[in-house]
Amino acid sequence: MLVSIVIPCYNSEQTIGRVVEMVMREFENFPGYDCEFVLVNDNSRDGTFEEIRRLGGLYDNVHGINLMRNFGQHNALMCAMNYTQGDLVLGMDDDLQTHPSQIYKLIKKMEEGYDLVYGVYEHHENGALKNLTSWFNKKSSQILLNRPKEIQSSNFWLITRAVRDEVIKYKSFNPYVDGLFYRSTHNIGNVVVEHHKREVGKSNYTFKRMLRLWMAYLNYSVVPLRIASVCGIVMATVGFIAGLVTLIRKLMVPSITVGWASTICILLVFFGLVLLVLGIIGEYIGKIMLTINNTPQYIVREKVNL
């Protein structure tokens with residue numbers, strides 16, 4: 001059985017060679033399994049693609065793709081999956097945090113008949129900000145992406161070819177692979193794996209990039225629009241009741257003074273809510289426009305062994 005290993009690479013010149021060689025050594029211990037690599041260079045600023053080219057010259061099962069600009073991790077994963085040939089597809093990072101020594105755990109779990117297996121971490125080797133955003137991502141994905149509550153997700157996953165075939169049908173410019181997984185299958189398993197520290201450099205995910213990735217959730221859910229509708233109904237009801245109470249009080253006590261400060265506060269709340277709802281609607285419309293304009297999911301500049 002062939003396992004295709006897809007790795008989005010960004011500034012990983014010092015680590016990607018070790019990742020490939022360590023994975024190959026691990027597969028020597030898996031009878032009945034073989035591996036191939038699809039490494040996608042997401043417009044790195046160092047010599048990452050030269051290293052991928054070197055690996056392609058040494059190993060026939062290492063395939064490389066060089067993108068014309070930086071498209072983001074999930075776009076690079078979509079690109080890689082379009083070139084896989086394996087019966088299973090394994091996603092992992094280029095920095096040894098998703099460690100090759102843990103691959104066998106995902107494969108053993110997949111043998112139980114799952115369509116998708118996530119490697120989840122008992123202990124995280126991340127900073128406080130990353131842990132906080134991971135928790136927020138977990139909760140919001142349950143609401144927006146219909147992720148099963150008992151399932152945890154990570155960048156370390158294994159899917160069947162049937163799931164991969166369904167995922168690559170998605171052609172929009174702003175993919176989120178976990179959302180595509182959840183809408184393809186709920187036959188999902190978790191297995192505990194070790195989480196290793198990043199050996200070189202630091203995370204390339206800034207707060208802005210994490211926010212942009214989270215906004216991709218809007219591609220797979222109308223829940224924000226429904227929440228906006230409910231908020232509008234609640235605020236309109238509160239406003240109507242408050243107006244009715246004010247009118248009754250004025251009729252009963254004509255000398256009562258109506259406060260301008262409270263009026264301004266109410267206006268700020270209502271207009272703030274209106275602008276929030278318009279922003280959510282605008283985000284959906286913007287994504288529709290970019291999709292209609294055929295904004296590319298990725299653009300390939302160069303290939304190695306493909």
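In what follows, the accompanying structure is described. Keep in mind the model is a prediction, meaning the values are calculated, not measured. (Residues numbered from 1 in each chain as written. Predicted model: local features only at pLDDT ≥ 70, side-chain atom pairs only at ≥ 80, totals over all residues. Heavy atoms only, no water.)

**Some thoughts on the packing of helix α3 (residues 73–81) against helix α7 (residues 177–184)**
Packed helix pairs are characterised by how far apart their axes lie and by the angle those axes make with each other.
Alright, step 1. Look at α3 against α7: their axes get within 9 Å of each other, and the N-to-C directions meet at 55°. Classified by the interaxial angle, the pair formed by α3 and α7 is oblique. The segment α3 lies against α7, with H74, L77, M78 and M81 engaging V177, D178 and L180.
Alright, step 2. When grouped by side-chain class, the residues that make up the contact of α3 with α7 number 5 nonpolar, 1 polar and 1 charged. (Axes fitted to C-alpha atoms, helices over the stretch in contact; angles between N-to-C directions. Helix = DSSP H or I, 4+ residues; strand = E, 2+ residues; numbered from the N terminus. Parallel < 35°, antiparallel > 145°, perpendicular 65-115°, else oblique. Contact = heavy atoms within 4.5 Å. Nonpolar A, V, L, I, M, F, W, Y, C, P; charged D, E, K, R; others polar.)

**Quick look at the packing of helix α1 (residues 16–27) against helix α2 (residues 48–58)**
Alright, step 1. At a minimum axis distance of 9 Å, the contact between α1 and α2 shows a crossing angle of 30°. In terms of their interaxial angle, α1 and α2 are classed as roughly parallel. Judged by residue contacts, I16, G17, V20 and E21 of α1 engage E51, R54 and L55 from α2.
Alright, step 2. Tallied by class, the residues present in the contact of α1 with α2 amount to 3 nonpolar, 1 polar and 3 charged.

**A short note on the pairing of strand β4 (residues 88–91)**
Alright, step 1. Because side chains alternate across β4, one face comprises the buried residues L88 and L90, and the other comprises V89 and G91, equally buried.
Alright, step 2. Where strand β1 (residues 2–9) meets β4, 4 bridges bridge the pair, whose relative direction is parallel. Each residue of the ladder has a partner; that of V6, found in β4, is G91.
Alright, step 3. Pairing of β4 with strand β6 (residues 157–160), which is carried by 4 bridges, proceeds in the antiparallel orientation. Bridge assignment links V89 to a residue of β6, and that residue is I159. (Buried < 20%, exposed > 50% of the residue type's maximum accessible area, 1.4 Å probe, protein only. Pairing = 2+ DSSP bridges.)

**Description of the packing of aromatic side chains**
Alright, step 1. Counting across every chain of the model gives 3 aromatic pairs.
Alright, step 2. Judged by centre distance (5.0 Å) and plane angle (70°), the rings of F27 and F30 are edge-to-face.
Alright, step 3. By relative accessible area, which is 5% here, F27 ends up buried.
Alright, step 4. Directly above the aromatic system of F71 lies the positively charged group of R69, at a separation of 3.9 Å from the ring centroid. (Phe/Tyr/Trp six-rings, centres within 6.5 Å; stacked < 30°, edge-to-face > 60°. Lys NZ or Arg CZ within 6 Å of the ring centre and 35° of its normal.)

**A word on the environment of A80**
Alright, step 1. Here A80 is to be found in helix α3.
Alright, step 2. Residue classification places A80 among the buried residues on the basis of a relative accessible area of 1%.
Alright, step 3. As for A80 and L39, which are separated by 41 residues in sequence, their C-alpha atoms are 6.9 Å apart.
Alright, step 4. Residue contacts for A80: discarding those within four places in its chain leaves V6, V38 and V40.

**Details of the pattern of salt bridges**
Alright, step 1. For the structure on display, the rule yields 5 salt bridges.
Alright, step 2. For the salt bridge of E51 with R54, the shortest nitrogen-to-oxygen distance reads 2.6 Å. Here E51 and its partner R54 are both found in helix α2, 3 residues apart, which amounts to about one turn of the helix.
Alright, step 3. Note on E51: relative accessible area 15%, which makes it buried.
Alright, step 4. R53 serves as the salt-bridge partner of E302, at 2.6 Å between the closest nitrogen and oxygen. (Salt bridge = Lys/Arg side-chain N within 4 Å of Asp/Glu carboxyl O.)

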